[in-house]
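Each chain, letter by letter, is given below.
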Amino acid sequence: MKKNNDIVLFKDGKRYDGRKADELRPIVMKTGVLKRASGSAYVEWGKNKVIAGVYGPRQLHPKFMQNPTKAVVRCVYNMAPFSVDDRKKPGPDRRSVEISKICTEALENVVLTEKFPNAVVDVFIEILQADAGTRCVGLTAASLALADAGIPMRDMVAACAAGKVQGEVVLDLMKEEDNFGESDLPLAVTPRKKEIVLLQMDGKLSREEFTKAFNLAVDGAMQVSEMQKKALLESPVEVEK
Ligand code: UDP
């Protein structure tokens, strides 16, 4: 969280982009966007643009990496060089390795891996344009892509962040709020049982602020979950010829 005392992020109940404290950015979701993937999804969330592709389940090679009792889930989060203000050096870095790991762990909770021994399910999250909250957008898109691939799952994963900006607890931080705010709390839930499969925090919150931000983010994720359901119902149905 950088310091900038000039930027006004919250005034008269309105945020930097005019939203109310508990308002999400506009979100558009689409599934079945990649012809060669087993399943895919594209999500625009504010200024974020994210695509997710799923390959598998297929046999895992090399063989010594196979698990005879369940499938391995591998999620890779990648930011395109043109996705951020300063060109991002291509390839993995500390941050993308961390986000890949937490997304893998979140998705392992929902994929019925025991149905596919010795197999691998590969999930690729590509950030085409970033404006804060990309791990939440990526995870939401990845879950949609898994459902689009027809991979058996216990539940979906829907994600959203909340945080604190100039003393106010707000939902779904955009880039300026993420950069100059006091705290960011991204989380992901399984909407049916409301289990938390991702919870991270940046900056500082009091106990009361944490509870408020946590509840706000869960409510946000539940709204995201409703949008996921709608996107899946509107998915194009392919008829085999
Ligand atoms: N960001 C950037 N360059 C980077 C990494 C991040 O400009 O190398 C920006 C990008 O807009 C990202 C935001 O900083 O969405 C917040 O990054 P953070 O690590 O908090 O993850 P996110 O909120 O995207 O999950």
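Residues numbered from 1 in each chain as written. Predicted model: local features only at pLDDT ≥ 70, side-chain atom pairs only at ≥ 80, totals over all residues. Heavy atoms only, no water.

A. Structural context of the packing of aromatic side chains. Under the criterion given, the structure shown has two aromatic pairs. Here the aromatic rings of Y55 and F124 are separated by 5.9 Å at their centres, their planes lie at 70°, and the arrangement is edge-to-face. Of this pair, Y55 sits in strand 5 (residues 48-59) while F124 sits in strand 7 (residues 119-129), and the two are 69 residues apart along the sequence. Owing to a relative accessible area of 31%, F124 belongs among the partly exposed residues under this scheme. Ring geometry for F210 versus F214: centroids 6.0 Å apart, planes at 25°, classification stacked. Residue F210 and its partner F214 are located together in helix 4 (residues 207-233), separated by four residues, close to a single helical turn. Residue F214 is classed as partly exposed on the basis of its relative accessible area of 22%. (Phe/Tyr/Trp six-rings, centres within 6.5 Å; stacked < 30°, edge-to-face > 60°. Helix = DSSP H or I, 4+ residues; strand = E, 2+ residues; numbered from the N terminus. Buried < 20%, exposed > 50% of the residue type's maximum accessible area, 1.4 Å probe, protein only.)

B. Main features of the sheet that holds strand 5. Spatial strand order, 3-4-5-7-6: five strands in an open sheet with mixed pairing. Unpaired on one side and paired on the other, strand 3 (27-31) and strand 6 (72-79) mark the two borders of the sheet. Going across the sheet, the axis of each strand differs from the next one's by a mean of 15°, ignoring polarity. In this sheet, strand 4 (residues 39-45) lies alongside strand 3 in antiparallel orientation, the contact comprising five bridges. Among the inter-strand pairings, K30 is bridged to a residue of strand 4, identified as Y42. Strand contacts of helix 1 (residues 94-108): strand 6 and strand 7, with the helix running at about 145° to strand 6, the strand carrying the most contacts. Set on the sheet, helix 4 makes contact with strand 3 and strand 4; between it and strand 3 the angle comes to about 40°. (Pairing = 2+ DSSP bridges. Axes fitted to C-alpha atoms, helices over the stretch in contact; angles between N-to-C directions. Contact = heavy atoms within 4.5 Å.)

C. Examining the packing of helix 1 against helix 2 (residues 134-148) more closely. Direction vectors running N to C along helix 1 and helix 2 enclose 40°, while the axes themselves pass 11 Å from each other. One element, helix 1, and the other, helix 2, form an angle in the oblique class. The way helix 1 lies across helix 2 gives a crossing that is right-handed. Contacts between helix 1 and helix 2 involve R95, E98, I99, I102, C103, A106 and L107 from the former and T134, R135, L139, A142, S143 and L146 from the latter. Class assignment for the residues of the contact of helix 1 with helix 2 results in eight nonpolar, two polar and three charged. (Parallel < 35°, antiparallel > 145°, perpendicular 65-115°, else oblique. Left-handed = near helix turned anticlockwise from the far one by under 90°. Nonpolar A, V, L, I, M, F, W, Y, C, P; charged D, E, K, R; others polar.)

D. Main features of the pattern of salt bridges. Applying the stated criterion across every chain, the model contains 17 salt bridges. Residue D131 pairs with R25 through a salt bridge whose shortest N-O separation is 3.6 Å. A residue pair is termed long-range when its members are at least 10 positions apart, and D131 in the loop between strand 7 and helix 2 and R25 in the loop between strand 2 (14-15) and strand 3 qualify at 106 residues. Like R25, D131 is buried. Linking E105 and K101 is a salt bridge whose minimum nitrogen-to-oxygen distance equals 2.8 Å. Of this pair, E105 and K101 both sit in helix 1, four residues apart, roughly one helical turn. Residues joined in a network through salt bridges with shared partners are R15, D17, R19, R25, D131, D172 and E177. (Salt bridge = Lys/Arg side-chain N within 4 Å of Asp/Glu carboxyl O.)

Everything listed here is a matter of geometry and, on its own, says nothing about what the molecule does.
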